[in-house]
Amino acid sequence: MNSLSARLIAGSLLVLTVFVGLTGLAVSYSVYQRAEQAAEDRMEGLVFGILGATEVDASGELLVRMGELPERTLALDSAGLYAEIVGARGKRLWQSRSIIDSVPPVQQTRIGQWQRGLVELKNGERARRMQLQTVWELDNGDELPFIVHVVDARTDDARALTRFTRSLWATLLGAAAVLLALQLGVLRAALGPLRRLGQDIDAMSNGDQAVSENDIPKELSPLVGSINALHARERQRHESYRHLLNDLAHNLKTPLAILGNLNDPRVDTQASSMQRSIDRYLQRAATETTTTLSAPVTLLPVLDRVAESMRKLYAHDGLGFDHRVPADATLRVPEADLYEVIGNLYDNACKYGASKIVTRLEDSKLYIEDNGKGFDSAQPDTLLRRGMREDTRTDGEGIGLASVSQLVSAWGGTVSLGESSSGGACCVLDVGAVLVQRTHPTAPR
Amino acid sequence: MRALVVEDEAVLREQIVTSLRAEGFAIDESGDGREGLYLASEMPIDIAIVDIGLPELDGLELVRQVRASGVSVPILLLTARDTWQDKVEGLEAGADDYLAKPFHMPELLARLRALLRRTGGWSEPTLRFGRLEIDTRAQSVTVDDHPISLTAYEYRVLAYLSTHGGEVISKARLLDHLYDESDVRDPNVLEVFVRRLRQKLDPDKKLEPIETLRGRGYRLALERTNDS
C-alpha cells in the first residue's frame, strides 16, 4: 500500500471499527446485565409476593389469597407467567390460573435456598424460572415444607432488549459513517499541501526552477527547502560539468591548432585524431546529460538568433527565413543543445545552396525545410550516423547531422530526413517529449 | 592588406603571422585583448583575427568595443568553444565569421580571403576587370589570359587597389596597408612598384590600369566585370 491516503483511510476504518465494536459490545453487555438483574429482582418479588398471599388454615391446608397475588395475571386465565407451590414429595399444593405450555419440574433443595435459571420449554422457547424452598411452622408445632416455583415465559423483555440492541448498533454505525466522512474531509485538507508539493515536484521535472514555498505548512518547510536546495545544487553541478568540459576542450584545442600547423604529417594525423576524440566525448557528455534539470527554452528567439547569424555568415546568398512557430513554444532542453541542433541544420541548409528556409512546428514535430540541393542519398537517414557525410562539396567533419540526431535522441525524440516540397532537404524533429507549451500560433515572418 | 592578429598563445600567433606574411599581409599583432583593442582602433587594418579567450579583455568584448568605436573592418573570431551558442554570441557581438580551433592554416587563409572579398563586394575569388584577372586564391594575375609574373609587393599593391576599385588610395594609406609598423617606409619605393606594375600589366600602354591623381594617390582605373 504505497498511498498515504489509502493508509490513513485504512487506519481510520480500523480504529472506527474497533471503537464502534467495543463500544457496542460494552453497552450491550451492560444493558443485558441490568436487564437480567431487573428480571431476577422481579422474580424474587413475585416469589415473596406469593409467600405474602399464602396462609395455612387450622386444618393445615395451604391457602393462597388470589386477590393478594403480586401479579394479577396469576389470577387470570392468561399465558406466559406461571406460579405453583409444591409440597413435600412433589405434591402440588397450589397453582396459578395462568398457564404455560409445560411446567419444568421443581428441584428439591435445602430450606431457604434459591434456585434460579433458564429452562427450555417444550415449544422451544426459553423461560426464566425461580424457586425458593421454605417451611411453614404450624400452630401445633408441625412444619409444612414447600417450594414456591415461578416460571416466566413472557418475551416482552427480550424483545425490548433486541430492539434496544438493534437501535444501539444502528446508531453506532451511523455515527461511524459520519466520523469516517469527517475523517476523510480532514485527511483531504491535511494532505492538500502534500498533493501540491507533488505537483510542484512534477512541474520541476517539466522544467520549473523550484517548489513554491507559499502556503506550505511549517512541517513541510524543511522538506521543501531541502528539495529546492538539492535541485539548485544539481543544476549548478550540471552547469559546472558542462563548463569544465568546455574549458578542457578550450585548453586542448589551442595546442592542437599549433600541432596541426607544424607541417609535419605525422603530428597532424595525431592532432586530428585527438581532435576527433575530443569532439566525440564532448558530444557524448552533452547527450548524456539529463533534460529534467533544464529550464524551458523558448524556441522562437533561438531560431531568430541563429537565422540572423546565418544571414551574416551567408550574406551574399540573400537568405530568407520563415519561422512558423508559436511565440510561446518552449522546449525543456539545455539551451546550448537547442542552439547546436538548429545551428547545425541551418548551417547545412545554407552550405548546400538553400536561399529559403521554412521552420514550422506542427503536431509536436519541428519541420525544417529548404530549397537547396537536398539529399542525394537514396536513404538520407543513413547520414544521421556519425562520420557519414553526404558529399565533399564543403569542408567539415560530416558529423553535424549525426550530432543533431544524438542530441534529439537524448531528448527522447527522433530525426528523420526527406525531401521538401521544393525539392530541397526536409528535416523532421520529433520534439513531443520535451515540448512544454504550444498554444498561440504566430503569423509567418 | 594589413591584418591584426590578437592571440594569446605565442606559438600559434607566430604560426598565423608567418602564414599571413607569406600571403602578403602586413601584420599588427598582440597577445592580450587590451592592446589588441588599441591596435584595432588606431591602426589602418583591413581585417582582424581575434581569439575569444584573451587576457586583459576577452575577444568578444574586444569585438564589441571595436564596433562601438565605429571600426567596420571584417573580424574573424578564433574560438575553441565552437558550440553554435558561442558562435551566435560572437557574431552578434560584431564578428563577421568564426573559425573553430584547431584549424589548418589554409582554411584560415581561405576564410580571410572570403571575408575580404565579401567586404569589397566580391562573391568569387577571381576579380575580373575586363582583360585583367586577379585570382586571390592563387595570387596570380593574367592579362588577356597571359600570366603576369609579379613580386610579392607588386601583387599586394595591385590586390589592394583592385579590392578598393574606384577609390583613390593615398600613398600613405597604401604604405600602411603594405608594410608592417616596424618596416621602413619609403614613398619612392611605392612609386617604383607602381611603375613596374604598369610596365608588366600594360607594356604597350593600351590598358592603363592604374591612374595617378597628383597629390592624392592612385586608383584602379578599370571597371569591374564580375560582381558580387
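From a predicted model like this one, the values you see are computed outputs, not experimental measurements.

About the thresholds
- Residues numbered from 1 in each chain as written.
- Chains lettered and ligands numbered in written order.
- Predicted model: local features only at pLDDT ≥ 70, side-chain atom pairs only at ≥ 80, totals over all residues.
- Heavy atoms only, no water.
- Helix = DSSP H or I, 4+ residues; strand = E, 2+ residues; numbered from the N terminus.
- Buried < 20%, exposed > 50% of the residue type's maximum accessible area, 1.4 Å probe, protein only.
- Contact = heavy atoms within 4.5 Å.
- Areas by Shrake-Rupley, 256 points an atom, 1.4 Å probe, with all protein chains shown as cover.
- Core = buried A, V, L, I, M, F, W, Y, C linked by side-chain atoms within 4.5 Å.
- Patch = residues over 30% accessible without salt bridge, like charges linked within 9 Å, V, L, I, M, F, W, Y side chains within 5 Å.
- Salt bridge = Lys/Arg side-chain N within 4 Å of Asp/Glu carboxyl O.
- Lys, Arg positive; Asp, Glu negative; His and termini not counted.
- Charge placed at Lys NZ, Arg CZ, Asp CG, Glu CD.
- Pairing = 2+ DSSP bridges.
- Polar contact = N/O pair within 3.5 Å; in protein donor to acceptor, adjacent residues only side chain to side chain.
- Buried area = accessible area lost by both parts, 1.4 Å probe.
- Phe/Tyr/Trp six-rings, centres within 6.5 Å; stacked < 30°, edge-to-face > 60°.
- Expected span 1.5 Å × (residues − 1).
- Axes fitted to C-alpha atoms, helices over the stretch in contact; angles between N-to-C directions.
- pLDDT = per-residue confidence, 0-100.
- Parallel < 35°, antiparallel > 145°, perpendicular 65-115°, else oblique.
- Nonpolar A, V, L, I, M, F, W, Y, C, P; charged D, E, K, R; others polar.

**Student:** Would you mind going over the overall build of chain A in detail, with residue names and values included?
**Tutor:** Per the secondary structure count, chain A includes seven helices and 15 strands. Looking at chain A residue by residue over its 445 residues, the buried ones come to 41%. Here the analysis covers contacts within chain A between residues at least 6 apart in sequence; of these, 60% occur between residues at least 24 apart. Put simply, chain A shows about 24,200 Å² of open surface, and 54% of that area lies on carbon and sulfur atoms.

**Student:** Outline the nonpolar core, listing residues and values.
**Tutor:** Judged by nonpolar contacts, the single largest core of 69 residues is most densely connected at M310(A), L338(A), I342(A), Y346(A) and L429(A). If we ignore the near neighbours within four places in the chain, the residues touching Y346(A) are L303(A), V306(A), A307(A), M310(A), F321(A), H323(A), I357(A), T359(A) and I368(A). In terms of nonpolar packing, the next biggest core, distinct from the first, is built from 53 residues, L78(B), L132(B), L158(B) and L207(B) among them.

**Student:** If you had to explain a negative patch on the surface to someone new, which residues and values would you point to?
**Tutor:** Residue and element names in this part refer to chain A. Together, E137, D139, D142 and E143 give the surface a local cluster of negative charge. The topology assignment puts D139 in the loop between β6 (126–137) and β7 (143–152). Residue classification places D139 among the exposed positions, given a relative accessible area of 85%.

**Student:** An account of the pattern of salt bridges is requested, with residue identities and associated values reported.
**Tutor:** Using the criterion set out here, one finds 31 salt bridges over all chains in the structure. A salt bridge links R360(A) to E369(A); the nearest nitrogen and oxygen atoms lie 3.1 Å apart. Judged on exposure class, the residue R360(A) and its partner E369(A) are both buried. Close ionic contact of R2(B) with D28(B) constitutes a salt bridge, the shortest N to O distance being 2.6 Å. In this pair, R2(B) is assigned in strand β1 (residues 2–6) and D28(B) in strand β2 (residues 26–30), connecting sequence segments 26 residues apart.

**Student:** Before we move on, could you go through a nonpolar patch on the surface and cite the residues and values that matter?
**Tutor:** On the surface, L14(A), V18(A), L22(A) and L25(A) cluster together to form a nonpolar patch covering roughly 410 Å² of accessible area. For L14(A), the location among the structural elements is in helix α1 (residues 4–52).

**Student:** So what's going on with the pairing of strand β7 (residues 132–135) of chain B? Residues and values would help.
**Tutor:** Regular strands have side chains that alternate between both faces of the sheet. Residues and elements named next belong to chain B. Side-chain alternation along β7 places L132 and I134 on a buried face and E133 and D135 on a face that remains uncovered. Pairing analysis gives four bridges linking strand β6 (residues 126–129) to β7, with the strands arranged antiparallel. Across the sheet, residue L127 finds its bridge partner in β7, namely I134. The loop that links β6 with its antiparallel partner β7 comprises two residues; one of these, G130, has a positive phi angle of about 70 degrees. In the sheet, β7 pairs with strand β8 (residues 140–143) via four bridges, with the strands oriented antiparallel. If you follow D135 over to β8, its bridge partner there is S140. Here β7 folds back onto β8 in antiparallel fashion, the turn holding four residues, of which Q139 has a positive phi close to 50 degrees.

**Student:** Account for the side chain of R129(A), naming residues and giving values.
**Tutor:** Residue and element names in this part refer to chain A. Along the chain, R129 falls in strand β6. It turns out R129 is buried and unbridged, and the closest side chain with the opposite charge, E84, is 7.1 Å from it. A polar contact is formed between the side chain of R129 and the side chain of Q131, at a distance of 2.7 Å. Side-chain polar atoms of R129 contact the side chain of H149, separated by 3.3 Å. Once you skip the residues sitting within four places of it in the chain, R129 turns out to touch M43, P104, P105, V106, Q107, Q115, R116, G117, V119, H149, V150 and V151.

**Student:** Can you lay out the side chain of S162(B) for me, pointing to particular residues and giving the numbers?
**Tutor:** Along the polypeptide, S162(B) turns up in helix α6 (residues 152–163). If we skip the residues at most four places from it in the chain, S162(B) touches W122(B), L127(B), F129(B), I134(B) and L220(B).

**Student:** Provide a residue-level description of the interface of chain B and chain A, including the pertinent values.
**Tutor:** Often, the extent of an interface is quoted as the loss of accessible area upon association of its parts. Each partner contributes to the interface: chain B provides 27 residues, whereas chain A provides 28 residues. Across the interface of chain B and chain A, roughly 2,500 Å² is buried in total on both sides, 56% from carbon and sulfur atoms. On the chain B side of the contact with chain A, W84(B), Q85(B) and P102(B) bury the most area, a combined 27% of that side's loss. Scanning the region where chain B abuts chain A turns up one salt bridge. A salt bridge links E92(B) to R305(A); its shortest N-O distance comes to 2.5 Å. Applying the counting rule to chain B against chain A returns eight residue pairs in polar contact (both at pLDDT 80 or more). Contributions of two or more residues to the side of chain B that touches chain A are made by α1 (10–22), α4 (84–93), β5 (97–100) and α5 (105–119) of chain B. It is α4(B) that contributes the most residues to the side of chain B that touches chain A, six residues altogether.

**Student:** Can you lay out the packing of aromatic side chains for me, pointing to particular residues and giving the numbers?
**Tutor:** Residues and elements named next belong to chain B. Applying the stated criterion to the full structure yields five aromatic pairs over all chains. Ring centres 5.9 Å apart and planes at 75 degrees place the aromatic pair W84 and Y98 in the edge-to-face group. Of this pair, W84 sits in helix α4 while Y98 is found in strand β5, placing the two residues 14 residues apart along the sequence. Each member of the pair, W84 as well as Y98, carries the same accessibility label: buried.

**Student:** Give me the lowdown on helix α6 (residues 335–351) of chain A, citing residues and values where you can.
**Tutor:** Residue and element names in this part refer to chain A. Along its 17 residues, α6 runs 24 Å from first to last C-alpha, staying within 8% of the 24 Å computed at 1.5 Å per residue. Burial within α6 is extensive, with 15 of its 17 residues counted as buried. In the stretch just after α6, G353 is the one whose phi turns positive, near 85 degrees.

**Student:** Quick one: what's the story with the sheet that holds strand β9 (residues 320–324) of chain A, residue by residue and with numbers?
**Tutor:** Residue and element names in this part refer to chain A. The strand order across the open sheet built from five strands is β9-β11-β12-β14-β13, with neighbouring strands paired in mixed fashion. Edge positions in the sheet fall to β9 and β13 (415–419), since each has one partner strand and no second. Within the sheet, the average angular offset between the axes of one strand and its neighbour, ignoring direction, is 15 degrees. As defined by bridge partners, β9 adjoins strand β11 (residues 356–362) across five bridges and the pair is classed as parallel. Each bridged residue has a counterpart across the sheet, and for R324 the counterpart in β11 is R360. The strands touched by helix α7 (residues 400–410) are β13 and β14 (425–430); relative to β13, the strand with the most contacts, the crossing angle is about 135 degrees.

**Student:** So, the confidence of the model for chain A: which residues are in play, and what are the values?
**Tutor:** Regions with low pLDDT should not have their predicted coordinates read in detail. Residue and element names in this part refer to chain A. Counting all residues, the mean pLDDT for chain A is 82, and 89% of those residues have values of 70 or more. Low confidence marks residues 388–397, where pLDDT is under 50. Its contacts with residues over four positions away, or in another chain, come to 22 contacts. Predicted confidence for residues 441–445 stays below pLDDT 50, and this span has 15 contacts to residues more than four positions away or in other chains.

**Student:** Tell me about the packing of α6(A) against α4(B), and name the residues and values.
**Tutor:** Direction vectors running N to C along α6(A) and α4(B) enclose 75 degrees, while the axes themselves pass 7 Å from each other. Judged by the angle between their axes, α6(A) and α4(B) are roughly perpendicular. In this structure, α6(A) uses E335(A), A336(A), Y339(A), E340(A), G343(A), N344(A) and D347(A) to contact α4(B), whose residues at the interface are W84(B), Q85(B) and V88(B). Each residue belonging to the contact of α6(A) with α4(B) can be placed in one class, and the counts come to four nonpolar, three polar and three charged.

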